[in-house]
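Examination of the molecular architecture
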Amino acid sequence: MNVNAVYLTMRSRYIQDPSWENFFALIGSLLYKFPILSKVPLGLREVEGLINECGLEVCEVLLNACHGLALALSPLEKVRKKLREEIQTPPGVDLIDQDLARKEIFWKLVRHAKQGQNRLILLKAGLEPKVKAYVLAHELGHHLLGHVLEECKVEGWLQEVHADTTAVWLTGLPSPFRSKEENRLIAELVGYDKNKAAAGGSA
Ligand SMILES: [Zn+2]
């Protein structure tokens, strides 16, 4: 069986019709593609290993607005757009006062585009290990589920629910950004029992 073909079929079904049925079928196909997934929940090192195996690069940057971002760059287009935004900075504005985080991201994107690297996770620098593992698993989820693809039809809020569900499954940790009740429902969905899910409940 060509496990990659099965994965791609499930993924294209899911991004056209993101029902829970198609979501779980896609997750199921990942179990064949990445044997380590039979050992979930995974620790930070294993999540990082999986990210490597997927050919994704992680960039730690000074993100302000969020904890992580999953990106698929169509390099030239994205960089050109960013460049246009940069050039349109009104004259007379002191560049030193500009948003440093944004500029740092910009230059990293340029570097990645030049290297032809187009699958990228931007991660907020300085996260504590549990939050880091969760955020990485969440962003990896966006990549594995195909949310970064142009043809993805999944609505933004649902992408977040599905990426969180994937992250909880991968790490066994509750989302640090969702309520207890939401985490309880997600843990139940992925089959972690109450006690197991509660173990990380204070993260
Ligand atoms: Zn997300």
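Structure shown above.
In what follows, the accompanying structure is described. (Residues numbered from 1 in each chain as written. Predicted model: local features only at pLDDT ≥ 70, side-chain atom pairs only at ≥ 80, totals over all residues.)

Regarding the overall build of the protein
For the record, the criterion: Helix and strand assignments come from DSSP, with helices taken as H or I runs of at least 4 residues and strands as E runs of at least 2, each series counted from the N terminus. Each residue is classified by how many other C-beta atoms fall within 10 Å of its C-beta atom, where C-beta atoms are placed from the backbone; a count of 20 or more means buried, 12 or fewer means exposed, and values in between mean partly exposed. Two residues qualify as a contact pair if the distance between their C-beta atoms, derived from the backbone, is within 7 Å.
In terms of regular secondary structure, the protein is built from 9 helices and 3 strands. Each helix and strand of the protein, placed in order from N terminus to C terminus, yields the pattern α-α-α-β-β-α-α-β-α-α-α-α. A burial count over the protein gives 30% of its 203 residues as buried. For the protein, the share of sequence-separated contacts (at least 6 apart) that also reach a separation of at least 24 residues comes to 71%.

Considerations on the nonpolar core
Within soluble globular proteins, side chains that are nonpolar generally end up buried alongside one another. Put simply, the test is: By definition, a nonpolar core groups buried Ala, Val, Leu, Ile, Met, Phe, Trp, Tyr and Cys residues that are joined through C-beta atoms within 7 Å.
In terms of nonpolar packing, the biggest core is built from 32 residues, with L26, V47, L136 and A137 touching the most fellow members. Secondary-structure elements contributing two or more residues to this core are α1 (3–16), α2 (20–33), α3 (44–53), β2 (68–72), β3 (119–124), α6 (129–145), α7 (156–171) and α8 (180–189). With 8 residues, α6 is the largest single contributor of residues to this core. Non-local contacts of A137, meaning those with residues more than four positions away in its chain, are made with V47, T166, A167, L170 and T171.

Re α6
In an α-helix, one full turn covers 3.6 residues, which means residues spaced three or four apart are oriented alike. Test applied: Every helix has an expected span of 1.5 Å times one less than the residues it contains.
Taking 1.5 Å of rise per residue, 17 residues should cover 24 Å, and α6 covers 24 Å from first to last C-alpha, within 8% of that figure. In terms of residue burial, α6 counts as a mostly covered element, since 14 of its 17 residues are buried. Directly after α6, the chain includes G146, whose backbone phi takes a positive value near 85°.

Describing the sheet that holds β3
Working definition: the strands of a sheet are paired by backbone hydrogen bonds and lie parallel or antiparallel to each other. Operational definition: One bridge is not enough; two strands pair if DSSP finds at least two bridges between them. A fitted line through C-alpha atoms serves as each axis, taken over the contacting stretch for helices, and the angle formed by two N-to-C directions is quoted from 0 to 180°.
What the 3 strands build is an open sheet, ordered β1-β3-β2; its pairing is mixed. Pairing within the sheet leaves two strands with one partner each, and these edge strands are β1 (57–61) and β2. Ignoring strand direction, the axes of neighbouring strands in this sheet form an average angle of 20°. The pairing of β2 with β3 spans 5 bridges and is antiparallel.

Some words on unusual backbone geometry
In this structure, the amide linkage connecting V40 to the following residue, P41, adopts the cis form with an omega of 0°. One can find P41 in the loop between α2 and α3.

Things to note about the pairing of β3
Bridging between β1 and β3 involves 5 bridges; their strand directions are parallel. By the bridge assignment, E57 is partnered in β3 with L120.

A look at the environment of V47
Positionally, V47 belongs in helix α3. Separated by 124 residues in sequence, V47 and T171 place their C-alpha atoms 7.9 Å apart. If we ignore the near neighbours within four places in the chain, the residues touching V47 are L42, A133, L136, A137, L140, L170 and T171.

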